[in-house]
Each structure stands twice: as structure tokens, then as C-alpha cells.
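Given next are the chains, with one letter for each unit.
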Amino acid sequence: MIKKSLLLFFILFLIASPVYAAPTTASLELSINLVWVMLGAFLVFFMHAGFAMVESGFTRAKNSLNILIKNFLTISVAAILFFVVGYGIMFGTSGGSFIGTDGFMLSGVEDIGFFVFQAMFIATCATIISGAVAERMKLGVYVLIVVAMTAFVYPIVGHWVWQGDGWLTDLGFSDFAGSTVVHLTGAVGALTAVLFLGPRLGKYSSKKVNVIQGHNIPIGALGVFILWLGWFGFNGGSTLAADPALVPMVIGTTLLSTSAALVSSAAYTKLRFKRVDTSLSLNGVLGGLVGITAGCAEISLGGSIAVGLISGIILVEGIHLLDTKLRIDDPVGAITVHGICGIWGTLAIGLFSTSTGLFYGNGFTQLVIQGIGVAAVIAWTMITLGVFLFIVKQFTSLRVSEEEEIAGLDFAEHGSNAYELKEALISDDEEPLLNNLGLADRLNNLTTTGEPQQKSS
């Protein structure tokens with residue numbers, strides 16, 4: 001009886017169970033591609049942890065909280081604005097090969113995975129500015145810059161290059177994963193903001209350039225490792241498919257260029273400064289990553305090593321040029337890493353591309369086209385953001401007061417500190433400024449809650 005009941009139950013179960021069709025090759029391929037792109041998106045998202053660590057480690061302890069909250073705000077604001085307006089401007093139906101005209105709030109968009117992946121990129125572009133303006137810009141002004149960059153400036157550039165009908169695409173401009181679209185755009189935005197903002201207090205005095213040491217280089221180094229890992233998703237995910245031939249090549253060129261850039265930057269600093277400079281070498285890693293991003297799918301493995309070696313040297317000289325000659329104060333070297341190395345990486349396609357490069361017998365045509373694209377993006381970003389910041393400046397100052405800058409943006413903007421060390425608020429190079437402003441006693445008498453200490457009777 002029990003056996004008959006179990007047999008009946010099993011038959012009923014089979015009858016009641018839905019019948020699923022066997023997966024087809026096409027459906028499996030679609031699923032695998034989706035998983036690969038989403039993995040890339042997760043890795044690019046994790047890069048923001050790397051940016052936060054690099055920026056906070058390469059700057060002073062008293063500004064750590066401010067940098068962390070800026071990175072959180074960047075990705076949050078960017079994601080929302082990209083959904084509302086940015087995606088439509090970037091990937092909507094082209095109007096005159098200049099701007100997208102539909103797809104706002106993802107109306108009519110079916111590929112949500114592509115939106116997610118691209119949202120990570122737009123946040124990366126905006127967060128480049130965070131490091132360059134660190135330690136002196138008002139938080140509210142920075143958020144306004146993020147709004148301008150993610151809602152309008154970056155999507156326009158993306159439309160020109162990646163939409164398919166943009167004018168730079170029609171011209172033949174090539175930028176596989178964003179040396180120009182993401183990194184140069186962000187770096188030019190950073191340069192524009194820094195020119196409006198000016199240097200940090202105590203950075204330059206008469207003809208002297210003062211070194212303002214970062215408070216935690218090890219955490220900055222950890223951030224560089226995280227960025228290197230995330231970049232495999234940044235470049236690899238840009239294939240938009242788990243292509244068994246293309247993906248390994250993209251990952252391989254990314255790895256080799258970055259490794260070569262670290263070696264060249266370390267060796268070059270040894271030759272130039274008689275020591276291996278740690279911070280410059282770490283930035284060399286990032287310069288190598290940016291340098292190969294545009295051409296990672298069309299430059300050979302050997303060519304990627306050459307691109308990386310040159311990137312490392314360009315990085316060292318670029319930071320030296322901006323810091324000591326042009327006196328542009330960039331605390332983390334973001335303008336050089338993403339801007340100068342981004343330009344080099346974009347132009348490198350015209351030299352090293354196996355299909356269009358000069359070194360492969362294809363003439364100067366691609367190199368000229370790459371140069372036109374670089375010039376157009378620089379002009380567009382600088383003019384647009386420059387006008388925006390000029391308007392903002394008519395209503396409010398862009399930077400905090402001298403007292404707030406010396407006290408640190410953690411305390412001034414957030415009312416707390418990242419570390420329980422009041423001594424970390426003030427560095428040696430700021431002592432003369434403190435004495436002149438009469439802040440020393442007031443800061444030293446503050447408790448951790450910001451209230452003056454009560455004198456004992």
C-alpha cells in the first residue's frame with residue numbers, strides 16, 4: 001500500500017511539474033555574456049574603494065573623512081543622474097551626431113545590464129576630480145561639479161565616441177575602454193577646477209615648492225592594488241561579451257602595460273632623483289593602466305609593454321612639470337595620471353595599433369584622428385565646466401576659509417575626525433600660518449566634540 005501511494009505521488013509530481021525547455025546555445029551565450037559584464041561592473045564599482053584609499057592616504061589625516069564621503073556621494077549622485085538624464089544624452093538617438101535625444105530614465109531601454117556597467121564608468125570620471133581638489137574645496141561645490149560632469153559634460157563626450165553615430169566615431173576615432181572618454185574628461189575637469197580653486201595653503205612660498213606629505217602611504221598603496229584589480233573589469237568588461245579570444249588579450253595588455261609602467265617609473269625616479277620614489281612609482285601603476293585603456297583591444301602584448309614603459313616616464317615628468325614649473329597643486333597626481341597619460345594612451349593607438357598604427361605601416365591618419373579627438377574633448381570639457389564654475393563663483397566661494405582649511409575639512413565640514421589624534425590636525429609646515437591666524441590655542445583647546453576645554457581652577 002505504501003509503495004503504491006509513493007508511486008502515485010511520484011506520477012502526480014511529474015504531471016504537475018512544469019516542463020522546461022533545454023537551454024539553447026544562444027541563451028547560454030547571452031547568460032554568460034551578462035555574467036561577464038556584471039562581473040566587470042562589480043570590479044569597477046570596487047575601484048571606488050581604491051580611489052578613496054589613494055586619495056585619503058596621499059593627503060593629510062585631517063581631511064580623510066571628507067575624502068571618503070566625497071567618494072560615496074560621487075557614485076551615488078552619478079548613478080541617479082545617469083539614470084535620469086545621462087544615459088539618454090550618451091546613448092539615445094543621436095541629434096546631429098552631438099547629443100542623445102531619448103532614452104531618459106531608461107525609457108524604451110531593455111539592456112539594464114549595459115546601463116549598470118556604464119554607470120560605474122561615469123562615476124569613475126567624476127571621482128577623478130575629488131583627489132585633485134582635495135583639502136580645500138567646499139563639499140557642496142564639489143557635489144555641484146559632480147552634477148555638471150555626470151549629467152551633461154561626460155555624457156556628451158561618451159555620445160561622440162561610444163554611441164555609434166557620434167561625430168568622433170564617424171571620423172574613425174578609437175577609444176576602447178576610455179583613456180579619453182573617462183580619464184581625460186575627468187582630468188580636464190579636475191584641471192579646470194584646480195585653476196579656479198588655487199593651491200593649498202603653504203604649498204608654495206616665494207620660489208619654494210613645499211612638499212605636503214600624505215599621512216598614510218601604505219593605505220594609498222592598498223588603494224593602488226585595488227584599482228589594478230578593478231581595472232581588469234574596467235578594460236575586460238568593456239568587451240561587453242565573454243569573447244574567448246578578445247578577453248584574454250585585453251587582460252594581458254592591461255597587465256603588461258601596468259607592470260612595465262611600474263618598472264619604468266621606479267627606475268626613472270632612481271636615475272632622476274637618486275632614489276626610488278614610492279608615491280611616484282605607485283602613480284606609475286595608475287599611469288600604465290590609463291595609458292593602455294584606449295588601445296587594450298588593438299595593441300599587441302609587446303606593444304603594451306612599450307606603452308607602459310613610456311607611461312611610467314611620462315607620469316614622473318608630468319607630475320614634476322605641474323607641481324614645480326606650472327605650480328598646479330594636485331595632491332594625488334590625478335591630472336597627470338588621468339590627463340597626460342590619458343592623452344598618451346589615446347595617441348598610442350595611432351602608433352601601436354596592429355590594424356591602424358603608424359608602426360604597422362598604416363601611415364599618420366589614425367594618429368591625426370586621435371589628436372583631433374583629444375583636442376575636442378579638452379576644449380569641450382574645459383570650456384563647459386569653466387563656464388559652470390564661473391557662474392557658481394558668482395554665488396559662493398569655491399574653497400573653504402583659511403581657518404577651516406588649517407583645521408581640516410573633517411572638522412570644518414563634518415564636525416568630527418577620522419583619527420583620535422588632535423596633533424594630526426596640524427602639520428609642521430602650517431605652524432607659521434597658525435600663529436599668524438591665532439588658531440593654535442583655539443585648536444589645541446578643542447575637545448573631540450568640538451567644544452572648548454574647561455580650564456581647571
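Residues numbered from 1 in each chain as written. Predicted model: local features only at pLDDT ≥ 70, side-chain atom pairs only at ≥ 80, totals over all residues. Heavy atoms only, no water.

Going by the annotation in an unreviewed UniProt entry, the name recorded for the protein chain is Ammonium transporter, with Virgibacillus kapii given as the source organism. Within the UniProt record for the protein chain, the comment given under Sequence similarities (unreviewed entry) is "Belongs to the ammonia transporter channel (TC 1.A.11.2) family." (UniProt positions renumbered as here; feature names shortened; annotations may be inferred.)

Focus: the overall build of the protein chain
Counting its regular elements, the protein chain contains 17 helices and 4 strands. Considering only residue pairs separated by 6 or more positions, the protein chain has 76% of its internal contacts joining residues 24 or more positions apart. Working note: accessible area of the protein chain is about 20100 Å², and carbon and sulfur atoms make up 70% of it. (Helix = DSSP H or I, 4+ residues; strand = E, 2+ residues; numbered from the N terminus. Contact = heavy atoms within 4.5 Å. Areas by Shrake-Rupley, 256 points an atom, 1.4 Å probe, with all protein chains shown as cover.)

Overview of the side chain of asparagine 66
Within the secondary structure layout, asparagine 66 lies in helix α3 (residues 64–91). Excluding its chain neighbours within four sequence positions, the residues that come into contact with asparagine 66 are Leu139, Leu409, Asp410, Glu413 and His414.

A closer look at the packing of helix α2 (residues 25–57) against helix α8 (residues 217–236)
Packing of α2 against α8 leaves a shortest axis separation of 7 Å and a crossing angle of 160°. The orientation of α2 with respect to α8, classified from their angle, is roughly antiparallel. For α2 against α8, the interelement crossing comes out left-handed. Class assignment for the residues of the contact of α2 with α8 results in 17 nonpolar, 8 polar and no charged. (Axes fitted to C-alpha atoms, helices over the stretch in contact; angles between N-to-C directions. Parallel < 35°, antiparallel > 145°, perpendicular 65-115°, else oblique. Left-handed = near helix turned anticlockwise from the far one by under 90°. Nonpolar A, V, L, I, M, F, W, Y, C, P; charged D, E, K, R; others polar.)

What about the packing of aromatic side chains?
Scanning all chains against the criterion turns up 18 aromatic pairs. Geometrically, the ring pair formed by phenylalanine 152 and tryptophan 380 is tilted, given 5.5 Å between the ring centres and 55° between the ring planes. Here tryptophan 380 lies in helix α13 (residues 365–393) and phenylalanine 152 lies in helix α5 (residues 139–162), a separation of 228 residues in the sequence. Of the residues examined, phenylalanine 152 reaches a relative accessible area of 36% and is grouped as partly exposed. A network of ring pairs unites the aromatic residues Phe82, Phe83, Tyr87, Phe91, Phe114 and Phe115 as a single cluster. (Phe/Tyr/Trp six-rings, centres within 6.5 Å; stacked < 30°, edge-to-face > 60°. Buried < 20%, exposed > 50% of the residue type's maximum accessible area, 1.4 Å probe, protein only.)

Structural notes on the pattern of salt bridges
Scanning the model with the defined rule gives 7 salt bridges in all. Where aspartate 329 meets arginine 200, a salt bridge forms, and the shortest distance between an N and an O atom there is 2.8 Å. Here the residue aspartate 329 occupies a position in the loop between α11 (301–325) and α12 (334–352), and arginine 200 occupies one in the loop between α7 (179–197) and β3 (204–205), the gap between them amounting to 129 residues. You'll find aspartate 329 and arginine 200 in the same group, each marked buried. Here lysine 203 and aspartate 323 are joined by a salt bridge, their closest N and O atoms 3.2 Å apart. Highlighted residues: lysine 203 in the loop between α7 and β3 and aspartate 323 in helix α11, separated in sequence by 120 residues. (Salt bridge = Lys/Arg side-chain N within 4 Å of Asp/Glu carboxyl O.)

Things to note about the side chain of threonine 258
Relative to the elements of secondary structure, threonine 258 occurs in helix α9 (residues 246–273). Accessibility expressed as a relative area gives 0% for threonine 258, which makes it buried. Apart from the residues within four sequence positions on either side, threonine 258 is in contact with Trp228, Val285, Gly288 and Leu289.

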